[in-house]
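# Observations on chain architecture
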Amino acid sequence: MSKRGYPASEMGPQLLAHVEQELLEDLHSYGMTTDTLVFDWSNPCEEGHVTRYLDGQLEDMSGVSVVDLSGRVQARGWIDFVHGAAEAPLFVFWLYLDVRHGDGWRRAKDDPGLPAHVWTRLPDRSKQLCATSDRYDARWSKDPLVTAWREAHRLVE
C-alpha cells in the first residue's frame, strides 16, 4: 500500500520498515502467517502516544489494517509501542487486534495492557524505563506486568 494517512505519514522509510517488521512479528504471536500480507496505512486514527525514532515520528494508531495480496483485510487494530528513552530500542505491537476467521472476525487481543510476549522481549533497561512514571515514556508505569516487575526488583516509582 502506498498512501499513508496522518499520523502514519510522519514515519520515514526506516521507521516504517521497522514498525512493519515489528507488527508482522507480533502477528506471528497470534498464529498468523504473514508472508503475503501488506499494511494499509491509508486511514489511521491518531491516539496520542508519540515518540521519535530513526527517521520519523510514531504515534499509536487505531485503524491500522493488514491485507492479503487480493486486498482483503486479514487483521485490523490499534498499534502501540514501548520506547522508554531516546536512546532505547523501539518495540511496536498490537494493542488491540482482530483477525479474520473464515468470513467473520475473531478478537485476538482486547486487553489494553502490554502483551506478555512483548514484555519478555524487552531488555532490562527498557523494563526499568517503563517502571518510572516521570520519564520519557511513562505510559506503561501502571501496567500489571510493569508493576509486578517493579515490585520484584524492589524499585520505587
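Described in the following lines is the structure provided in the data block.

The rules behind each value
Residues numbered from 1 in each chain as written. Predicted model: local features only at pLDDT ≥ 70, side-chain atom pairs only at ≥ 80, totals over all residues. Heavy atoms only, no water. Salt bridge = Lys/Arg side-chain N within 4 Å of Asp/Glu carboxyl O. Buried < 20%, exposed > 50% of the residue type's maximum accessible area, 1.4 Å probe, protein only. Helix = DSSP H or I, 4+ residues; strand = E, 2+ residues; numbered from the N terminus. Arc of directions from axis to C-beta. Polar contact = N/O pair within 3.5 Å; in protein donor to acceptor, adjacent residues only side chain to side chain.

On inspection of all chains with the given rule, the structure shows seven salt bridges. For the salt bridge of D98 with R107, the shortest nitrogen-to-oxygen distance reads 2.5 Å. On the basis of relative accessible area, D98 is assigned to the buried category, the value being 13%. Taking the relative accessible area as the measure of exposure, R107 reaches 47% and is therefore partly exposed. In the salt-bridge network here, residues are joined through shared partners; they are D60, D80 and R139.

The next subject is helix α4 (residues 144-152). Buried residues of α4: V146, W149 and R150, and no others. Projection of α4 onto a plane perpendicular to its axis shows the buried side chains occupying an angular sector of 100°, all on one side. Opposite the packed face of α4, turned more than 90 degrees from it, sit the exposed residues P144, E151 and A152. For α4, the N-terminal capping position is held by D143, with its side-chain oxygen 2.9 Å away from the main-chain nitrogen of L145. In the stretch just after α4, R154 is the one whose phi turns positive, near 50°.

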